[in-house]
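Listed here are the chains, written in short residue letters.
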Amino acid sequence: MAEAVPFRETTSAKSVRDAASRRADRAIAVAYGLLCHASFAIGVATMIAAMFFGMSRSLGTVTAPWWPVADAALLLQFPLAHSLLLTPVGGRMLKRLAPDRIAGRLATTTYVIVASLQVLLLFALWTPSGVVWWRATGPSLAVLCVCYAASWLLLLKSILDAGISVQAGSLGWWSVFRDRAPRFPPMPTRGLFRVVRQPIYVSFSLTVWTVPTWTPDQFAVAVFLTAYCLAAPLLKERRFRRRFGDGFETYARQVPYWLPWPRPPRSGR
């Protein structure tokens, strides 16, 4: 009996340590979740406001002749880092942003945190050119405000159809909080994904072109981000082909990539 006491004490101590570790992980998960959703909300709100005014009221103060260079750097950092973090190298970088024992499960949350901060940098620190080409007034302002709001609602609908837990980053921190492995949603095929394969990118492109104020700044942002929205899904679909195999191939044959072109009639009809 005397020899059994140390074993019971060790087992009890381990249980206490495990319970304390789980409590610590939950606290960390909640902190990451709060940071994730706060940065996501602030980033999106800043983007909506900045583009509504045609990028003419951002906070950047870089002086000539360097402000075009600074603005170009802000534009480039968004797609480059955004895409890099979806690669194996980027995945390893994301894991360094959280404690080792939960970094893998927190990856979707840390990704959204970084992406949201990128959006905030781009739209908050842009240095305006000071040139306004056109600003809607009267009925045209009302029409464009409706179109702008509708574009954002369409984007929200696309995100919901894709699985908001991944898109908004809650999948990671909630998995850690529940002490479970992340359960990713299936390949999205419902809702707007029945119309085109990339409704998130299409909807986001609409937001940059339905603004009521046009400046050289907004035009540059619109062209650059639309080009990104056309090209970036190609990399995404490459990942989907590896992950979902024949299921994605069948889906891709039935649903157009970016624009809802009429589908060819099926054989046998």
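Scoring rules and cut-offs
- Residues numbered from 1 in each chain as written.
- Predicted model: local features only at pLDDT ≥ 70, side-chain atom pairs only at ≥ 80, totals over all residues.
- Heavy atoms only, no water.
- Salt bridge = Lys/Arg side-chain N within 4 Å of Asp/Glu carboxyl O.
- Helix = DSSP H or I, 4+ residues; strand = E, 2+ residues; numbered from the N terminus.
- Axes fitted to C-alpha atoms, helices over the stretch in contact; angles between N-to-C directions.
- Parallel < 35°, antiparallel > 145°, perpendicular 65-115°, else oblique.
- Contact = heavy atoms within 4.5 Å.
- Nonpolar A, V, L, I, M, F, W, Y, C, P; charged D, E, K, R; others polar.
- 1 Å grid on protein atoms, 1.4 Å probe; cavity = no way out; pocket = protein on both sides within 12 Å on 5 of 7 lines; lining within 4 Å.
- Points joined across faces, edges and corners; volume = space filled by probe spheres on them.
- Core = buried A, V, L, I, M, F, W, Y, C linked by side-chain atoms within 4.5 Å.
- Buried < 20%, exposed > 50% of the residue type's maximum accessible area, 1.4 Å probe, protein only.

Quick word on the pattern of salt bridges
- For the structure shown, the criterion picks out seven salt bridges.
- Among the ionic pairs, D161 bridges to K157, the shortest N-O distance being 3.1 Å. Here K157 and D161 lie together in helix α6 (residues 138-162), a separation of four residues that amounts to about one turn.
- Note that R197 and E237 form a salt bridge whose closest N and O atoms lie 2.8 Å from each other.

Section: the packing of helix α9 (residues 199-209) against helix α10 (residues 216-244)
- Packing of α9 against α10 brings their axes to within 9 Å, and their N-to-C directions diverge by 175°. If you check the angle between α9 and α10, you find them roughly antiparallel. Contacts between α9 and α10 involve Y201, F204, S205, V208 and W209 on the former and, on the latter, Q218, F219, A222, V223, L225, T226, Y228, C229, A232, P233 and K236.
- By residue class, the composition of the contact of α9 with α10 is 12 nonpolar, three polar and one charged.

Some words on empty space enclosed by the protein
- What the rule picks out here adds up to two cavities of 30 Å³ or more.
- Volume-wise, the largest cavity comes out at about 40 Å³.
- Lining the largest cavity, in full, are M187, P188, F193, R197, Q198, K236, F240, F248 and Y251.
- Those elements that provide at least two residues to the lining of the largest cavity are α10 and α11 (246-254).
- Tallied by class, the residues present in the lining of the largest cavity amount to six nonpolar, one polar and two charged.
- Size it by volume and the second largest cavity reaches roughly 30 Å³.
- Around the second largest cavity sit R22, D25, R26, R105, V176, F177 and D179, which together line it.

Thoughts on the nonpolar core
- The biggest cluster of nonpolar side chains holds 38 residues, and the ones touching the most others in it are M51 and F123.
- Listing elements by their share of this core, those giving two or more residues are α1 (4-52), α2 (67-84), α5 (107-124), α6, α9, α10 and α11.
- Counting residues per element, this core draws most heavily on α10, at seven residues.
- With residues up to four places along the chain from it excluded, the contact list for F123 reads T46, M47, A50, M51, M55, S58, V221 and L225.
- In this structure, L85, L94, Y111 and V112 belong to the second largest nonpolar core, which totals 14 residues.

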